[in-house]
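Here is what each chain is made of, one letter per residue.
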Amino acid sequence: MRVTVEIDDAGVAHVEMCRGSGNAIDLATARGLLEAARECEAARVRAVLLTGRGSSFCVGGDLKEFAAVSGEGLAGHLTDVTGALHGALRIFAGLDAPLVAAVQGAVAGAGLGLAMAADLGFAAADAHFTAAYTAIGFSPDAGVSWLLPRLVGPKRALDLLLTNRRVSAAEALEIGLVSRVVAPERLRQEAEGAARTLARGATEAYGVTRRLVAGAFSAGLDEQLDAEARRLAAAAVSGEGREGMAAFLGRRRPDFTRAAAR
């Protein structure tokens, strides 16, 4: 089992890569992530916590597996790997449930894409980030060419992609690759706490907000304003919106989990 999924009573899906060897992504791991994403989608989870077991979160693709594929078969094999991995990323991006990632050690290649895909990214203070693709004559996958320019800007993205320089956790926070940097011994605790807090929140509103932000870079201002107006009107009359307003006016904490159950 290269990827495990456990859904707790709060509706948090704990998705963990547990392959060993830096959680390098081979075909089985990519398929495991896709199955995990499908399970989260089917269970309508309220938050997802993505982690990697061991000293490193994810070092990228499994070059040993790739090298073992003979001749022209490698292109087809990599298409299968990216097909599964990208399928997982598409599902995670389409969920209402926010994605939280906790990363430690080496974060490289596709691991960088997985880390950047998170809405909240927690990094251990000793984590380090490297694009790594062009260093071996490859080009990016796992959404790296889409996510990285949006997070750090196109010039800095090209710097990281072309030079493959190592980025410390402190710099990653400064340039927007991660949301927070924490002591290594508190990484899981902090990330899980954030996931649990999000799981108590307005999941449908989170989903709308995620999609509005994702679409903002391709939409004009008029289009974005129209989308915001439509979405806000729909949210206000939803179960979550009614519960949120009632709680505010009643000076109590909203119970969004109850609103979702109605």
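Below is a summary of the structure that appears in this document.

The rules behind each value
- Residues numbered from 1 in each chain as written.
- Predicted model: local features only at pLDDT ≥ 70, side-chain atom pairs only at ≥ 80, totals over all residues.
- Heavy atoms only, no water.
- Buried < 20%, exposed > 50% of the residue type's maximum accessible area, 1.4 Å probe, protein only.
- Helix = DSSP H or I, 4+ residues; strand = E, 2+ residues; numbered from the N terminus.
- Pairing = 2+ DSSP bridges.
- Polar contact = N/O pair within 3.5 Å; in protein donor to acceptor, adjacent residues only side chain to side chain.
- Contact = heavy atoms within 4.5 Å.
- Axes fitted to C-alpha atoms, helices over the stretch in contact; angles between N-to-C directions.
- Salt bridge = Lys/Arg side-chain N within 4 Å of Asp/Glu carboxyl O.
- Lys, Arg positive; Asp, Glu negative; His and termini not counted.
- Disulfide = S-S within 2.5 Å.

Description of the pairing of strand β2 (residues 12-17)
β2 sits mainly inside the fold: 5 of its 6 residues count as buried. For strand β1 (residues 3-7) and β2, the ladder comprises 5 bridges, and the chain directions are antiparallel. Each residue of the ladder has a partner; that of Val3, found in β2, is Met17. Linking two consecutive strands that pair antiparallel, namely β1 and β2, is a turn of 4 residues; a positive phi of about 85° is found at Gly11 within it.

Quick look at the side chain of Asn23
Position of Asn23 relative to the elements: it lies in the loop between β2 and α1 (27-43). At 3.1 Å, the side chain of Asn23 and the backbone oxygen of Phe57 are in polar contact. Among residues more than four places away in sequence, those in contact with Asn23 are Met17, Cys18, Gly52, Arg53, Ser56, Phe57, Cys58 and Gly60.

Structural notes on the sheet that holds strand β9 (residues 180-182)
Taken together, 6 strands build an open sheet; the order of strands is β1-β2-β3-β4-β6-β9 and the sheet is mixed. Edge positions in the sheet fall to β1 and β9, since each of these pairs with one other strand and no more. Within the sheet, the average angular offset between the axes of one strand and its neighbour, ignoring direction, is 20°. Bridging between strand β4 (residues 99-103) and strand β6 (residues 120-124) involves 4 bridges; their strand directions are parallel. Looking across to β6, one finds that Ala102 is bridged to Phe122. Lying on the sheet, α1 is in contact with β1, β2 and β3 (47-52); it crosses β1 at an angle near 15°.

Some remarks on the pattern of salt bridges
Under the criterion given, the structure shown has 14 salt bridges. In this structure, the salt-bridge partner of Asp26 is Arg2, at a minimum N-O distance of 2.8 Å. One end of the pair, Asp26, is in the loop between β2 and α1; the other, Arg2, is in the segment before β1, with 24 residues separating them in the sequence. For Asp26, a relative accessible area of 3% translates into the label buried. The shortest N-O distance in the salt bridge between Arg188 and Glu16 comes to 2.9 Å. Highlighted residues: Arg188 in helix α8 (residues 187-199) and Glu16 in strand β2, separated in sequence by 172 residues. Under the relative-accessibility criterion, Arg188 is labelled partly exposed at 37%. Within the structure, one salt-bridge network assembled from shared partners comprises Arg2, Arg19, Asp26 and Asp62.

Thoughts on the sheet that holds strand β7 (residues 128-130)
Strand order in this open sheet of 3 strands is β5-β7-β8, and the pairing throughout is mixed. At either end of the open sheet lies a strand with only one pairing partner, and these are β5 (106-108) and β8 (167-168). Sheet analysis places β5 next to β7, joined by 3 bridges and oriented parallel. Bridged to Ala106 within β7 is His128. Along the sheet face, helix α4 (residues 110-117) touches β5 and β7 and points at about 95° away from the line of β5.

A closer look at unusual backbone geometry
Although it is not a glycine, Asn23 sits at a positive phi angle of roughly 55°. The phi angle at Ala142 is positive, at roughly 55°, despite the residue not being glycine. Counting through the fold element by element, Ala142 comes out in the loop between β7 and α5 (144-152).

Details of the side chain of Arg46
Within the secondary structure layout, Arg46 lies in the loop between α1 and β3. Despite its burial, Arg46 pairs with no opposite charge, the nearest such side chain being Glu240 at 4.9 Å. Here Ala199 takes part through its backbone oxygen, which lies 2.5 Å from a polar atom of the side chain of Arg46. Reaching out from Arg46, the side chain makes a polar contact with the side chain of Thr203 at a distance of 3.1 Å.

What about the state of the cysteines?
Tallied over the full model, the rule gives 0 disulfides. Not engaged in a disulfide, the cysteine Cys18 finds its nearest cysteine sulfur in Cys58; these two sulfurs lie 12 Å apart. Residue classification places Cys58 among the buried positions, given a relative accessible area of 0%.

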